[in-house]
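Survey of secondary and tertiary structure
Letter by letter, the chains look like this.
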Amino acid sequence: MHKHKLLGNFTQTFAGRVSNDAYVLGSSSGGLTSWLLSKLVQLGIVDGVINVGAAGEDAQEIFRYSVATESELRNRRKSQYYATTMADVLELIKDEPKRYVLVGVPCYIKAARAMCKEDPKIAQRLVFFVALVCGHMKTQAYAESLAWQVGVPPHDLEAVDFRVKGKGRLSSDYDFGALKRGETEMRVAPMSTLQGGNWGHNTFQPEACNFCDDVVGETADISFGDAWLAKFTSDPRGTNIVISRNRRIDEIFACAADANEITLHEVSADEAVASQAGGFRHRRDGLAVRLADDIAAGLSVPVKRVSPNVNAVDKQRANLFRQRRRIAKVSQELFYDAVLHGDLRVYLKGLKREIVRYERLESFRVRMRRALRPVKLFLNRIRLAK
Ligand SMILES: Cc1cc2nc3c(=O)[nH]c(=O)nc-3n(C[C@H](O)[C@H](O)[C@H](O)COP(=O)(O)OP(=O)(O)OC[C@H]3O[C@@H](n4cnc5c(N)ncnc54)[C@H](O)[C@@H]3O)c2cc1C
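For every chain, the first residue of the written sequence is number 1, and numbering continues from 1 along that sequence. The predicted origin of the model limits local features to residues at a pLDDT of at least 70 and limits the giving and counting of side-chain atom pairs to 80 or more, whereas totals for whole chains, interfaces and linings rest on all residues. Side-chain measures were taken over the full set of non-hydrogen atoms in the model, leaving aside hydrogen atoms and water.

The subject of this paragraph is the packing of aromatic side chains. Each aromatic pair joins two rings of Phe, Tyr and Trp (for Trp, the six-membered one) with centres within 6.5 Å, and gets the label stacked for planes under 30 degrees apart, edge-to-face for over 60, and tilted for any other angle. The final tally for this structure, using the stated rule, is 16 aromatic pairs. Between Trp148 and Phe335, the aromatic rings sit 5.9 Å apart at their centres with planes inclined by 90°, giving edge-to-face as the arrangement. Here Trp148, found in helix α7 (residues 141-149), pairs with Phe335, found in helix α13 (residues 315-341); they are 187 residues apart in sequence, far enough to count as distant. By the burial criterion, Trp148 is buried, and Phe335 matches it. Ring geometry for Phe162 against Phe176: centres 5.9 Å apart, planes inclined by 55°, an arrangement best described as tilted. Highlighted residues: Phe162 in strand β8 (residues 157-164) and Phe176 in strand β9 (residues 175-180), separated in sequence by 14 residues. Assigned by exposure class, Phe162 and Phe176 land together as buried. Counting every residue linked through ring pairs, the aromatic cluster contains Phe63, Tyr81, Tyr82, Tyr142, Trp148, Phe162, Phe176, Trp199, Phe204, Phe335 and Tyr347. Charges are assigned to positions over rings by a cutoff of 6 Å between ring centre and Lys NZ or Arg CZ, combined with an angular limit of 35 degrees from the ring normal. A cation over a ring is seen here: Lys138 above Trp199, with NZ or CZ 4.5 Å from the ring centre. The ring of Tyr174 carries the charged tip of Arg163 above its face, separated from the ring centre by 4.5 Å. Helical segments are the DSSP runs of H or I of at least four residues, strand segments are the runs of E of at least two, and each set is numbered from the N terminus. Between buried and exposed lies partly exposed: a residue is buried under 20% and exposed over 50% of the maximum accessible area for its type, with that area taken using a 1.4 Å probe on protein chains only.

Following this line, the structure appears as structure tokens:
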């Protein structure tokens, strides 16, 4: 086992995707997460999978945690940027003597590991842990805010797809889709055209994420994310970054790669970190600033691996971290007001103001990159169409 101060312990890091292109199209990234879950069931290593999928027609929420059988796994793919609880499903599995793999973002996996220490029954049930790399969680209003922008108001929202892949586009250039009650086709728009859709702005981020220092899910057997590295984003199919901490899983990957079921690429630990550079900056330097700010404001803060330090970064970057925290809070207040008044413009107008403030704090290099992004996307569409 290797040790890395940002990735935790790991046996290996690599990138890859499922070799069947039609399958990958229905996944968020390279499809390796859902592929591994199926494999674990097929090989009899677990009896079932606990993950987040569509909540069903009668439910108030759009997504929820539940047990998926192998046949259901294919329809429970993609990333659900949506706050859910695993309290109900963990209660449910206690009584049946089965073994499960749990999928979740880092804080859910850490919480489940902690529960296993306290509750021997849960420890017998949860035998594998799969983490999704996480920039931050989103409250349920995030889905509603995007859906409303494509013409589906919250009370009419039936389903969303946060990651609709486009042919001949960068893997980071994806669409958002929302299904209106009574309609059969999703209304779709490029994520880059929707306000609040930029992950760097931290809209609808719960306050708890401001104190998180685990980007990759260090307590999981294996972690999957997007390989946000230029050499992979140019492939529209999507590519996973993978951080493994389990030799048995490593063997499963090696066998499947030999059989050409999946395609793997060597990636160093440093490249894995680079693929999540923004996330690590926000959770380490940003965390140091947030802890220092809260202490200065007379608040109590949790003990983290990062020490409070208001000078962890220069003043401009510190203010950028602060503006993200402000957007996380203000976006939720603005959207609440918009719903109350039945007027999306209340949210859009207020958020625009906050984003302009944020963009003024960005470095010259980032501002240039942002200004040139539409040109870059356009040129890539031409290149990939050839
Ligand atoms: C809130 C959130 C934030 C993320 N932030 C980042 C990030 O900053 N950087 C990055 O590289 N990747 C991030 N990811 C992970 C990324 O979006 C993909 O989920 C990941 O790369 C796996 O893609 P895949 O194609 O292998 O998965 P798929 O083959 O599409 O399968 C996804 C599996 O994950 C399960 N799942 C989806 N959402 C959830 C959820 N919320 N809780 C539990 N299970 C779930 C599905 O049920 C399915 O089994 C984030 C994911 C989430 C949910």
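What follows is about unusual backbone geometry. For Asn202, which is not glycine, the phi torsion reads 60° and is therefore positive. Here Asn202 lies in the loop between β10 (187-190) and β11 (222-226). Look at Asn202 and you get buried, because its relative accessible area is 3%. Even without a glycine there, the phi angle at Phe204 is positive, about 55°. Checked against the element boundaries, Phe204 lands in the loop between β10 and β11. What makes Phe204 buried here is its relative accessible area of 0%.

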